[in-house]
Amino acid sequence: MKIWVNGGLHDAEAARVSVLDHGLTVGDGIFETVKAERGETFALTAHLERLTRSARGLGLPDPDLDEVRRACAAVLDANPMELGRLRITYTGGLSPLGSERGDAGTSLVVGLGETSRRADSTAVITVPWTRNERGALTGLKTTSYAENVVALARAHAAGASEALFGNTVGQLCEGTGSNVFVVLDGRVHTPPVASGCLAGITRALAVEWTGAEETDLPLDVLETADEVFLTSTLRDIQGVHRVDGRELAAPGPVTAKAMRIFDERAAQDRDPRV
């Protein structure tokens, strides 16, 4: 495998950033995950726009998007595969052992890992921890992912593929790496970005293409919703057949329709804007 690190391709075994990189020492970094099918990315422009928004929110210099595109193209060309997870990571770079940043410049790493198509439905659990809808990192896709690691491990231990969070005021928020939608009386709803969830690229496309409504929802809506589904870069739209101990028929009719719409629209435009 070839990985792009700070200006060029390297064999995976030789790809290195400093152990003093701020992304490693304090999680001072951002990232994007982009789906790549047979070397072709999906919604790359939208992901790069969010990369810039996240950089500005974290106080990092704007990434050089021309360089990021060159890096993505080089990695995709060097690692042919049917379906891949293209990972773009941008950090504060070499810095002192503390929260303050150094002046050596940022780091850019782009890698590609093989993945497989998701199942049409999955199981999820809710977790007792909350998203802080007013935190400094709210809405930013940062490398500070430890709470997601903990929650996802709990989900896996319970036989689920995702964990869902509420926020500090008891509203439904998001998953560790996904946005969540519910169907109530035939209408599709998803929490607004103000709930503290990430402004997911797939989420935005699903809202636009299916007519979903952004609605403040209590966490316990998962106990009564007719259908539940998740969206993310690698899931696209995925039905939920179990929430904690509650079983649902999945994908239900509304979810199945949303899946068809998404697949059709994505096939027509490989770089949709959001």
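Rules behind the numbers
Residues numbered from 1 in each chain as written. Predicted model: local features only at pLDDT ≥ 70, side-chain atom pairs only at ≥ 80, totals over all residues. Heavy atoms only, no water. Disulfide = S-S within 2.5 Å. Buried < 20%, exposed > 50% of the residue type's maximum accessible area, 1.4 Å probe, protein only. Salt bridge = Lys/Arg side-chain N within 4 Å of Asp/Glu carboxyl O. Helix = DSSP H or I, 4+ residues; strand = E, 2+ residues; numbered from the N terminus. Phe/Tyr/Trp six-rings, centres within 6.5 Å; stacked < 30°, edge-to-face > 60°. Axes fitted to C-alpha atoms, helices over the stretch in contact; angles between N-to-C directions. Parallel < 35°, antiparallel > 145°, perpendicular 65-115°, else oblique. Contact = heavy atoms within 4.5 Å. Nonpolar A, V, L, I, M, F, W, Y, C, P; charged D, E, K, R; others polar. Left-handed = near helix turned anticlockwise from the far one by under 90°. Patch = residues over 30% accessible without salt bridge, like charges linked within 9 Å, V, L, I, M, F, W, Y side chains within 5 Å. Areas by Shrake-Rupley, 256 points an atom, 1.4 Å probe, with all protein chains shown as cover. Expected span 1.5 Å × (residues − 1).

S.K.: Residues and numbers for the state of the cysteines, please.
M.R.: Scanning the entire structure with this criterion turns up 0 disulfides. Among the cysteines around Cys 173, which has no disulfide bond, Cys 197 carries the closest sulfur, lying 5.4 Å off. On the basis of relative accessible area, Cys 173 is assigned to the buried category, the value being 1%.

S.K.: I'd love a proper account of the pattern of salt bridges, names of residues and values included.
M.R.: Inspection of every chain in the model, using the stated rule, returns 13 salt bridges. With a closest N to O distance of 2.9 Å, Lys 35 and Asp 236 form a salt bridge. With Lys 35 in strand β3 (residues 29–37) and Asp 236 in strand β14 (residues 236–243), this pair connects stretches of sequence that are 201 residues apart. Given the relative accessible area of 9%, Lys 35 is considered buried. Residues Arg 270 and Glu 37 are paired through a salt bridge, measuring 2.7 Å at the closest nitrogen-oxygen approach. A residue pair is termed long-range when its members are at least 10 positions apart, and Arg 270 in the segment after α6 (253–268) and Glu 37 in strand β3 qualify at 233 residues. You can call Arg 270 partly exposed: its relative accessible area is 21%. On the basis of relative accessible area, Glu 37 is assigned to the partly exposed category, the value being 24%. Connected through shared salt-bridge partners, Arg 131, Glu 147 and Glu 174 make up one network.

S.K.: Help me get a handle on the packing of aromatic side chains, residues and values and all.
M.R.: Under the criterion given, the structure shown has 4 aromatic pairs. Note on Phe 42 and Phe 262: the rings are 6.2 Å apart at their centroids and 65° apart in plane angle, and the pair reads as edge-to-face. Taken together, the residues Phe 42 in the loop between β4 (40–41) and α2 (44–58) and Phe 262 in helix α6 connect sequence positions 220 residues apart. Its relative accessible area of 5% is what places Phe 42 among the buried residues. Residues Trp 209 and Phe 262 carry aromatic rings whose centres are separated by 5.2 Å and whose planes lie at 55° to one another, so their mutual orientation is tilted.

S.K.: Provide a residue-level description of the packing of helix α5 (residues 201–210) against α6, including the pertinent values.
M.R.: With their axes 10 Å apart at the nearest point, α5 and α6 run at an angle of 105° to one another. Between α5 and α6, the interaxial angle falls into the category roughly perpendicular. On the side of α5, the interface is formed by Thr 202, Leu 205, Ala 206, Trp 209 and Thr 210, while α6 contributes Ala 258, Ile 261, Phe 262, Arg 265 and Ala 266. For the contact of α5 with α6, the per-class residue count stands at 7 nonpolar, 2 polar and 1 charged.

S.K.: Break down the packing of α2 against helix α3 (residues 65–78) for me, citing the residues and quoting the values.
M.R.: Between α2 and α3, whose axes approach to 11 Å, the crossing angle comes to 135°. Taken together, α2 and α3 sit at an angle that is classed as oblique. Like other packed secondary-structure pairs, α2 and α3 cross with a definite hand, here right-handed. For the pair formed by α2 and α3, the contact residues are Leu 44, Thr 45, Leu 48, Leu 51 and Thr 52 on the first element and Leu 65, Val 68, Arg 69 and Cys 72 on the second.

S.K.: Summarise unusual backbone geometry; cite the residues concerned and give the values.
M.R.: Residue Pro 251 is bonded to the preceding Ala 250 through a cis peptide linkage, with omega at -5°. The phi dihedral of Arg 38 is positive, around 50°, even though this residue is not glycine. Tracing the backbone shows Arg 38 in the loop between β3 and β4. For Arg 38, a relative accessible area of 59% gives the class exposed. Here the phi dihedral of Ala 43 falls at roughly 60°; this positive angle occurs in a residue that is not glycine. Within the secondary structure layout, Ala 43 lies in the loop between β4 and α2. According to the relative accessible area criterion, Ala 43 is buried, its value standing at 0%.

S.K.: How would you sum up a nonpolar patch on the surface? Please name residues and give values.
M.R.: There is a patch of nonpolar side chains on the surface, built from Val 19, Leu 20, Leu 24, Leu 94 and Leu 97 and spanning about 520 Å² of accessible area. With respect to the helices and strands, Val 19 occurs in the loop between β2 (8–11) and α1 (22–25).

S.K.: Please provide a residue-by-residue account of helix α4 (residues 146–157), values included.
M.R.: Compared with the 16 Å implied by 1.5 Å per residue over 12 residues, the 17 Å span of α4 between its first and last C-alpha is a close match. Against the buried residues of α4 lie β7 (121–131) and β8 (162–167). Once α4 finishes, Gly 159 follows within two positions and takes phi at roughly 75°, a positive value.

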